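Architecture and fold: a report
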Amino acid sequence: MSELRIVPTGCLGRCFVPAEFTPAGVDEHCFRNTQSTRPDVHWRKLRADEIDLLVKNANTADHWDNILVTEQFRPRGVKNCEFYGLVRIGRLEDVCLEFHDMRVPVGLTNSRIISCDLGDDVAIHNV
């Protein structure tokens, strides 16, 4: 049976790998970093103008320094999202994804993103 626990919100996106499974001298992202499918990508921190636009578009983050993006990041494509922990976001072009009769715009809207690596041209809406 599972047991409901109350934990601080500061644990969202953190403390997900028990200490006994984390090698000495590294953080809990060490496995995630070695499993990256994008070794050729240069990740960078958000610029001040990008953070300003994200805030204007009703986005929040526990720490903006934990959001890493590529040079092709388009902050206008991110609206009303919450970010927790280390989040890496790939290219976001001003295009749509289509599958059969369904089309959705590339970008992130109305979602809570917790410690994720997001690839290029993703469409995450209402998650």
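Refer to the preceding data block for the structure.
1. With respect to the nonpolar core
L46, I67, F73, V78, F83, I89 and L108 are the most contacted members of the largest nonpolar core, which has 20 residues in total. Counting residues per element, the ones that place at least two in this core are α2 (48-56), β3 (67-69) and β6 (87-89). Discounting chain neighbours no more than four positions away, the residues touching L46 are I51, L54, W64, I67, V69 and F73.

2. Focus on the side chain of R44
Relative to the assigned elements, R44 resides in strand β1 (residues 44-45). On the basis of relative accessible area, R44 is assigned to the buried category, the value being 10%. In terms of polar contacts, R44 uses its side chain to reach the side chain of E50, at 2.8 Å. For R44, the side chain forms a polar contact with the side chain of E71, separated by 2.9 Å. Each residue touching R44, except ones within four places of it in the same chain, is listed here: E50, I67, L68, V69, T70 and E71.

3. So, the side chain of S111
Here S111 shows up in the loop between β9 (107-109) and β10 (112-114). Polar side-chain contacts of S111 include one of 3.0 Å to the backbone nitrogen of V127. Apart from residues no more than four positions distant in its own chain, S111 is found in contact with N80, C81, E82, I124, H125, N126 and V127.

How each quantity is defined
Along each chain, the written sequence defines residue order, and numbers are assigned to residues from 1. Where totals are concerned, whole chains, interfaces and linings use all residues; where local detail is concerned, this predicted model gives features only for residues with pLDDT of at least 70, and gives and counts side-chain atom pairs only at 80 or more. Only heavy atoms go into the side-chain values, all of them from the structure, while hydrogens and water stay out. Nonpolar core, defined: a set of buried Ala, Val, Leu, Ile, Met, Phe, Trp, Tyr and Cys residues in which side-chain atoms within 4.5 Å join the residues together. The cut-offs for exposure are 20% and 50% of the maximum accessible area for each residue type, with area from a 1.4 Å probe on protein chains only; residues under the lower value are buried, those over the upper are exposed, and the others partly exposed. Numbered from the N terminus, helices here are DSSP runs of H or I no shorter than four residues, and strands are runs of E no shorter than two. By the convention used here, residues are in contact when the closest approach between their heavy atoms is within 4.5 Å. By the criterion applied in these results, polar contacts are pairs of N or O atoms within 3.5 Å in which, for protein atoms, one can donate a hydrogen and the other can accept it, and in which residues neighboring in sequence qualify only through two side-chain atoms.

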